[in-house]
Structure formats: C-alpha cells, structure tokens
Amino acid sequence: MKTRLLVVPAALLLTLLAGCGDDTGTTETPAGSDPTTSETTDAPTDSPTDGTSGTCAWVTDAAGPAAKEVEPPPAEPETAGELTIETNRGDITVTLDAESAPCTVGSFTWLASQGYFDGTKCHRLVVDFVLQCGDPSATGMGGPGYSFADELEGDETYPVGTLAMANSGPDTNGSQFFIVLKDAQLPPAYTVFGTVDEAGMEVAQEIEAEGNGPDGVAPAEDVIIESVS
C-alpha cells in the first residue's frame with residue numbers, strides 16, 4: 001500500500017499490513033491485527049455466511065475476549081451505505097459496499113452503532129501505505145470477541161482510498177481495518193468493503209505527512225475516533 005511499496009520486500013509488506021492481531025492475540029494483516037507473520041491466500045476462501053440461510057456466521061469460541069465489551073451482530077445485521085468516521089483530526093466519510101461484502105459491512109455497521117469504535121486510537125501508520133484503526137486496546141492485538149470469514153472474489157485490488165479489513169490469516173476478520181494511502185500491490189487476501197471520500201483522504205494524508213511517533217508504529221500525533229455515525 002505504498003507508492004514506494006516496491007522498495008519494501010514482499011514479505012515485509014504483508015507483515016506491515018497485518019495488523020496486530022485481534023482478540024485472538026494473533027496478528028492481523030493489512031489493517032487489523034499485528035505486524036507479525038500473517039498468512040494470506042491468493043484464492044477466495046469460504047463465505048462468512050452459514051451456507052444455507054445466507055445469514056452471517058460469527059465465530060466466538062476462538063476469538064478470545066473482546067477489547068471493548070460488545071455483543072456479536074445478529075445473523076442478519078443491518079448495513080449502511082455511508083458512514084462518517086469522526087476523528088479529532090477531521091471527518092473521514094466512507095461509502096460501504098454491502099453488495100460485495102454484506103457480512104463485513106454488517107459487522108462494521110453493527111460495531112459503529114454499538115459505540116465500539118468511539119474513543120479508540122488508530123494504532124498504526126505505515127507511510128505511503130496504510131493507516132490502521134479499529135482496535136480499542138491500541139495494541140494491534142484487540143478485536144470484538146468474534147471473527148468472521150473473508151468475502152473475496154480473488155481479483156481484489158487496493159488503490160488509494162480503499163477501505164479493507166486487516167486479518168491474521170484466512171477468515172480471521174474482527175474489527176481492525178485499514179485505509180490505503182497510496183496504490184498498493186497486495187494479494188487479494190484482504191476483504192474490501194468500501195472507499196474513502198476525497199475529503200476523508202485529505203485528512204488521512206495529513207496524518208500520514210506527519211509521520212510516525214517515537215515508537216515508529218503509531219501516528220506522530222494521536223488519531224482518535226470520536227464516533228462513527
């Protein structure tokens with residue numbers, strides 16, 4: 001996810017993408033888990049639906065405790081077409097793609113409606129690549145206490161402005177997500193569930209321009225999600 005992405009070895013790139021891991025303590029790739037090793041796949045994996053009724057399946061037994069108390073979404077969650085991520089740095093409006101990723105959008109909408117993202121910090125910035133948020137613990141290891149399957153076609157691309165899920169391997173989506181700051185060369189292993197508007201990208205790129213803080217991971221200045229509405 002960097003314009004100068006080519007300078008970074010492919011293996012390292014995937015690591016950076018891996019968030020820090022969701023509630024399982026594993027690492028999420030591009031935007032959700034942690035920057036450790038994260039498996040990816042070039043082929044689509046199983047659908048997050050149960051295969052019979054078309055409802056979404058949320059897996060809680062292996063997900064670990066939630067970083068912030070929240071109930072799993074209903075089997076047929078409501079979806080939104082557009083949401084605004086209000087941060088202390090400005091608003092980031094996203095258009096969600098419920099047609100391509102109904103369960104991902106349903107989960108994101110549900111978490112937003114429950115206030116799960118409110119008061120949370122975007123924990124990772126990779127300049128020329130991604131801004132990663134969605135972990136209330138701000139460690140890269142936190143998630144909502146449930147996981148769900150990827151929604152992939154196998155031909156996903158990640159141009160600037162893409163909104164996608166971080167993961168720690170196939171079918172390990174939780175709450176961590178990332179915004180692509182520059183066109184990224186990534187395998188089709190991260191569920192794309194929306195796009196960021198032009199004004200929102202200006203906010204994200206202003207954050208990017210400030211670089212990283214002392215830890216070399218988080219943005220130089222705290223980026224706090226105040227609410228998602």
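Keep in mind that what you see is a predicted model, and the values were worked out from it rather than measured.

### Structural notes on the confidence of the model for the protein chain
Low pLDDT means the predicted coordinates in that region are not meant to be read closely.
Part 1 of the argument: This prediction gives the protein chain a mean pLDDT of 83; 76% of its residues lie at or above 70.
Part 2 of the argument: Contacts from residues 1-16, a stretch scored under 50 in pLDDT, to residues over four places away or in other chains number 50 contacts.

### Some words on the pairing of strand 9 (residues 224-228)
Part 1 of the argument: Bridge count for strand 1 (residues 82-87) against strand 9 is 3 bridges, and the pairing is antiparallel. What sits directly across from T87, in strand 9, is I225.
Part 2 of the argument: The pairing of strand 3 (residues 120-121) with strand 9 spans 2 bridges and is antiparallel. Across the sheet, residue T120 finds its bridge partner in strand 9, namely I225.

### A closer look at the environment of W58
Part 1 of the argument: Position of W58 among the secondary structure elements: in the loop between helix 1 (10-17) and strand 1.
Part 2 of the argument: Distance in space between the C-alpha atoms of W58 and G174 is 9.6 Å, their sequence separation being 116 residues.
Part 3 of the argument: A polar contact is formed between the side chain of W58 and the backbone oxygen of P73, at a distance of 3.1 Å.
Part 4 of the argument: Here P74 takes part through its backbone oxygen, which lies 3.1 Å from a polar atom of the side chain of W58.

About the thresholds
Residues numbered from 1 in each chain as written. Predicted model: local features only at pLDDT ≥ 70, side-chain atom pairs only at ≥ 80, totals over all residues. Heavy atoms only, no water. pLDDT = per-residue confidence, 0-100. Contact = heavy atoms within 4.5 Å. Pairing = 2+ DSSP bridges. Helix = DSSP H or I, 4+ residues; strand = E, 2+ residues; numbered from the N terminus. Polar contact = N/O pair within 3.5 Å; in protein donor to acceptor, adjacent residues only side chain to side chain.

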